[in-house]
Amino acid sequence: MLIASPETMKRPFISLTPAEALHVAIFIEERNAELYHRFAEMFTEFRDIQSLEIASVFWEMASEEQRHSTQLQQRYMERHGNACCALTEDDLQEMVEVPRLETSQLFDRLAPGEPGVQERALQVALAAELGARRFYAELAVMTSDAALRKLYQELAEFEDEHVIYLEKKIALSSAKKSE
């Protein structure tokens, strides 16, 4: 008798129903709000002006992720009511939008011309948001379900808002650095 390993039991994102996809999107937005909140707290502890500016960017990102979560929760309630969904990101084959801020990477010695700690942190967030935008856009193209296609397009647009915001902050950070 063959026993499936936990890895083989994981599902691809494309196989989700509209309710499951929406549920996972809510989870992702909430998780990222918490991660950005932690990043903001970390930079707040440094107490210098640049770190406080970056902390404020991460506070705004946390707030934006929470706002998106709230919008998605409202949509879930409108479409699916109180229907329970036990699916979590751990049940999926793919990881979606996980900003990882490794302290050791941030504080490695900087060579002349390399981005500073604050800019590196913003680039980590930007990379996660770009990856999520690409992921949702690809799912929108791949799915044959019209409701899911629309949802994935909306999620890609949410991520696009994050990308534009972070690109502006990085440009401002670079401009300040070169002054």
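Heads up: the structure comes first, above all this text.
Notes on the structure in this doc start here.

Further remarks concern the packing of helix 2 (residues 18-46) against helix 3 (residues 49-80). The N-to-C vectors of helix 2 and helix 3 enclose an angle of 160 degrees; their axes lie 8 Å apart at closest approach. Regarding the angle of helix 2 to helix 3, the classification is roughly antiparallel. The handedness of the crossing between helix 2 and helix 3 is left-handed. Considered class by class, the residues forming the contact of helix 2 with helix 3 number 20 nonpolar, 10 polar and five charged.

Here we come to the packing of aromatic side chains. Tallied over the entire structure, the rule returns nine aromatic pairs. Taken together, a centroid distance of 6.0 Å and an interplanar angle of 25 degrees make the contact between Phe-43 and Phe-58 stacked. On the criterion of sequence distance, the pair formed by Phe-43 in helix 2 and Phe-58 in helix 3 is long-range, its members being 15 residues apart. The exposure class of Phe-58 is buried, given its relative accessible area of 0%. Within the aromatic cluster, the residues linked to one another by ring pairs are Tyr-36, Phe-39, Phe-43, Phe-46 and Phe-58.

Our focus in this paragraph is the environment of Ile-164. Note on placement: Ile-164 falls in helix 6 (residues 146-178). Spatially, the C-alpha atom of Ile-164 lies 9.0 Å from that of Leu-126, the residues being 38 residues apart in sequence.

Attention shifts here to the pattern of salt bridges. What the rule picks out here adds up to seven salt bridges. The salt bridge partner of Arg-38 is Glu-34, with a shortest N-O separation of 3.4 Å. Here Arg-38 pairs with Glu-34, and both are found in helix 2, just four residues apart, close to one helical turn. Owing to a relative accessible area of 38%, Glu-34 belongs among the partly exposed residues under this scheme. Its salt-bridge partner being Lys-150, residue Glu-154 comes within 3.8 Å of it at the nearest N-O pair. Of the two residues, Glu-154 and Lys-150 both sit in helix 6, four residues apart, roughly one turn of that helix. Three or more residues are tied together by salt bridges with common partners; here these are Glu-64, Arg-67 and Glu-161.

Procedures and definitions
Residues numbered from 1 in each chain as written. Predicted model: local features only at pLDDT ≥ 70, side-chain atom pairs only at ≥ 80, totals over all residues. Heavy atoms only, no water. Axes fitted to C-alpha atoms, helices over the stretch in contact; angles between N-to-C directions. Helix = DSSP H or I, 4+ residues; strand = E, 2+ residues; numbered from the N terminus. Parallel < 35°, antiparallel > 145°, perpendicular 65-115°, else oblique. Left-handed = near helix turned anticlockwise from the far one by under 90°. Nonpolar A, V, L, I, M, F, W, Y, C, P; charged D, E, K, R; others polar. Phe/Tyr/Trp six-rings, centres within 6.5 Å; stacked < 30°, edge-to-face > 60°. Buried < 20%, exposed > 50% of the residue type's maximum accessible area, 1.4 Å probe, protein only. Salt bridge = Lys/Arg side-chain N within 4 Å of Asp/Glu carboxyl O.

Any link to function would need more than the numbers given here.
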